[in-house]
Amino acid sequence: MKMTNPSNASHDRPEFANSWLRQWDGQLTRELVLKPGQFGLGRIPSRNVPDATTTLVCGYCSTGCGLKVHLQDGVGVNLSPDTGYPVNLGMACPKGWEALAVLNSTERATEPLLRDGSGSLQAVSWDQALTTFRERFRRLIAEQGPESVAFLSTGQITTEEMLFLGCLTKFGMGWLHGDSNTRQCMATAAVAYKQAFGFDAPPYTYADLEASDVIVLVGSNLCVGHPILWERILRNPHRPTIIVVDPRRTETAVAATRHLPLQPKTDQQLFYGLANLLIERDWIDTQFVSRSTTDFAAFREFVRGFPLARVVADTGIPADDLEWLARTIHEGKRVSFWWTMGVNQSHEGVRTAQSLINLALITGNIGRPGTGANSITGQCNAMGSRLFSNTASLIGGREFAQCEHRREVADRLGIAEDRIPVRDSLCYDQILDGIRAGTIRGLWIIATNTAHSWIHQSETRELLAKLDFLVVQDMYRTTETARLADLILPAAGWGEKDGTLINSERRIGLVKKVARAPGQALADFSIFQLVAHYWGCGDMFAAWTDPEAVFRIAQRVSRDRPCDITGIDGYREIERRGGIQWPWPRTPAGHASAVELDVNETESPPVTDERRLFADGRFFTSDGRARLLFDA
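Since the structure is predicted, the reported quantities are computational estimates derived from the model, not experimental observations.

A short note on the sheet that holds strand E17 (residues 469–474)
Okay, so step 1: Pairing is mixed across the open sheet formed by 7 strands, whose spatial order is E7-E6-E18-E17-E16-E8-E9. Single-partner strands in this sheet number two, and they are strand E7 (121–123) and strand E9 (177–180). If you compare each strand with its neighbour and ignore which way they point, the axes differ by 15 degrees on average.
Okay, so step 2: Sheet strands touched by helix H22 (residues 524–535): strand E16 (442–446), E17 and strand E18 (487–490). Its angle to E16, the strand with the most contacts, is close to 150 degrees.

This is how it looks when you write it as structure tokens:
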């Protein structure tokens, strides 16, 4: 092959010379030279030297790490973990390090796509896409009724987008059915907390991982699933005893002090039997039980049905190990119980979670540093979904069926009360069952890949193919679900929009736009604005102008609820404090409540403040007592 001579006068340009040399030598040496990065970044390749940095929370999982994004002309070109963020303290896992890389995927959806008569997806304008959206869904509602359509959402979009979607569909568009894929992983923990504590309220802070002297991990491969939290354990100065309860010999089990490989589906027998051992030996906190719980006598009688011999036979764990476990919990001054998907997606998951909550309650291991019955979430904004998505429950942990709750929400949103459904939506699985039965005919899926993530994938794909109209709103056009869609709406991803996420320890953190979405892709928030306009209910959402305006609305509907966040002074305060854990209420004087914040002065707590719930032994129930819950 004949190569053009770069010294030729017609090509005497530096950019041409660089291009020609790359064909032979790859990157130029000068591009590998390290230069001072400024902003505390040390020395980095010259091409990545930023002119500014900004911090935003990672959008991958529920840990909610702070990432420092390096900017050039306002665009993110690189990132590093934020050393000052109270979640990860300068650490990041491989997923966090690659957070920006996924935005450059060649599989991004960059324009609306509509399936034509031949079955092919063709590019169309946003106007045509949204006109089709309106007409097809409205035709189904006119022919089959308002319960013939539904939406399925996610824990991967911002809190503001969740709130907008849930209010738009149920209050503006008149839909009844809509749920989030958060139900796949967190419904059990949410119900367990709500029934035991009176509200879906994980009580802990990540600092408890560093304060415990006994850590019990159940159904949790923390090393792999939540590596930054495992790093927090490794920072623990108390040389904690780490106990892993799991049928599998996971990486975490190998690293633990002791692994208890119980038989599958015997978690409850183990924890009821453990409670019985602790009660028999009088290794419980009788004062706390008497003051802060209910139904102890009935619970004590119930767990007598799980003597040591039965537990050994059921679980396969030797008696000596069970005795050791009970004694270790008794001798620990700060014992914390943690669970993840092994419990949340397990056989009888709600009662299993509550059997762990019972252990924390009867031993008084709650409300103090290094203690708690602590569920670790999966998706980055599953907690935001649980509180503000308006799907399985009315906004702020309320109930659709309660008249006073509907009236309260209507007043705070300035809408007619009769716009709010008086009964619950179908759940995620029931919506899919409705497709099977032919009662659900149209479906709008937002930022989740149902055809891949739901059980029985082949059956799920057959169900989705039965729909009269399937809309998929996603940042990728190639997911298993998008390939089945009649209409694809291209969405922006993490780092391409603004908003908040709420992590496992109840910390509200900021995400920011540090990159431009490709092509015609829009933030989910902007798509919801357009849908409201095309549907004809835009006036109801006239004040929902931008994500921070909707955050203010979320604050308004949270007032006087356990998740009250009225004391937060907007996005700037969230950033300044390194995230804020709810509750953060506003007192009549206009300050955050010192009682709620567990500080001794009326001044705002320090930026790195980490707070746990129930330090006073009072819970969110009507009598302030936690419920000991059990089931044969």
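So much for the structure itself; the text now carries on.
What to know about the confidence of the model for the protein
As a note on interpretation, predicted positions should not be read in detail where pLDDT is low.
Okay, so step 1: Scored by pLDDT, the protein comes out at a mean of 91, with 91% of its residues at no less than 70.
Okay, so step 2: Note on residues 593–608: pLDDT under 50 across the span, and 25 contacts to partners over four residues away in sequence or across chains.

Overview of the packing of aromatic side chains
Okay, so step 1: Taken as a whole and judged by the stated rule, the model has 29 aromatic pairs.
Okay, so step 2: Centroid distance Phe164 to Trp544: 5.2 Å. Interplanar angle 45 degrees. Geometry classified as tilted. In this pair, Phe164 is assigned in helix H4 (residues 159–172) and Trp544 in the loop between H22 and helix H23 (547–558), connecting sequence segments 380 residues apart. Of the two residues, Phe164 and Trp544, both sit in the buried class.
Okay, so step 3: The structure contains a cluster of three or more aromatic residues connected by ring pairs, namely Phe133, Phe137, Phe164, Trp175, Trp444, Phe469, Phe525, Phe528, Trp535, Phe541 and Trp544.
Okay, so step 4: Above the ring of Trp324, the side-chain terminus of Arg258 is found at 3.9 Å from the ring centroid.
Okay, so step 5: Between the NZ or CZ atom of Arg281 and the centre of the ring of Trp283, over which it lies, the distance is 5.9 Å.

Describing unusual backbone geometry
Okay, so step 1: Omega for the peptide link from Trp582 to Pro583 comes to 0 degrees, which places this bond in the cis form.
Okay, so step 2: For Pro583, the location among the structural elements is in the loop between strand E21 (580–581) and helix H25 (594–597).
Okay, so step 3: The phi torsion at Asp73 lies on the positive side, around 55 degrees, for a residue other than glycine.
Okay, so step 4: Looking at the element boundaries, Asp73 is found in the loop between strand E4 (66–72) and strand E5 (75–81).
Okay, so step 5: Unlike most non-glycine residues, Phe614 shows phi in positive territory, near 70 degrees.
Okay, so step 6: Considering the arrangement of structural elements, one finds Phe614 in the loop between H25 and strand E22 (626–627).
Okay, so step 7: Accessibility expressed as a relative area gives 6% for Phe614, which makes it buried.

So, the nonpolar core
Okay, so step 1: Membership of the largest hydrophobic core comes to 123 residues, with the highest contact counts inside it found for Leu168, Phe197, Trp339, Ile362, Leu413 and Trp444.
Okay, so step 2: Broken down by element, this core gets its largest block of residues, 8 residues, from helix H10 (residues 267–280).
Okay, so step 3: In this structure, Leu103, Tyr206, Ile228 and Leu229 belong to the second largest nonpolar core, which totals 39 residues.

Points about the packing of H23 against helix H24 (residues 570–577)
Okay, so step 1: Running from N to C, H23 and H24 point in directions that differ by 85 degrees, and their axes come no closer than 9 Å. One element, H23, and the other, H24, form an angle in the roughly perpendicular class. In contact with Pro547, Glu548, Phe551 and Arg552 of H23, H24 contributes Gly570, Tyr571 and Ile574.
Okay, so step 2: For the contact of H23 with H24, a count of residues per class yields 4 nonpolar, 1 polar and 2 charged.

Notes on empty space enclosed by the protein
Okay, so step 1: If you walk through the whole model with that rule in mind, you get 4 cavities of 30 Å³ or more.
Okay, so step 2: Of the voids in this model, the largest cavity is the one considered here, and its volume is about 110 Å³.
Okay, so step 3: Forming the walls of the largest cavity are 15 residues, and the residues nearest its centre are Cys58, Cys61, Cys65, Cys93 and Ile228.
Okay, so step 4: Counting only elements with at least two residues in the lining of the largest cavity, the list comes to helix H2 (94–97) and helix H8 (227–234).
Okay, so step 5: When grouped by side-chain class, the residues that make up the lining of the largest cavity number 9 nonpolar, 5 polar and 1 charged.

Criteria and cut-off values
Residues numbered from 1 in each chain as written. Predicted model: local features only at pLDDT ≥ 70, side-chain atom pairs only at ≥ 80, totals over all residues. Heavy atoms only, no water. Pairing = 2+ DSSP bridges. Helix = DSSP H or I, 4+ residues; strand = E, 2+ residues; numbered from the N terminus. Axes fitted to C-alpha atoms, helices over the stretch in contact; angles between N-to-C directions. Contact = heavy atoms within 4.5 Å. pLDDT = per-residue confidence, 0-100. Phe/Tyr/Trp six-rings, centres within 6.5 Å; stacked < 30°, edge-to-face > 60°. Buried < 20%, exposed > 50% of the residue type's maximum accessible area, 1.4 Å probe, protein only. Lys NZ or Arg CZ within 6 Å of the ring centre and 35° of its normal. Core = buried A, V, L, I, M, F, W, Y, C linked by side-chain atoms within 4.5 Å. Parallel < 35°, antiparallel > 145°, perpendicular 65-115°, else oblique. Nonpolar A, V, L, I, M, F, W, Y, C, P; charged D, E, K, R; others polar. 1 Å grid on protein atoms, 1.4 Å probe; cavity = no way out; pocket = protein on both sides within 12 Å on 5 of 7 lines; lining within 4 Å. Points joined across faces, edges and corners; volume = space filled by probe spheres on them.

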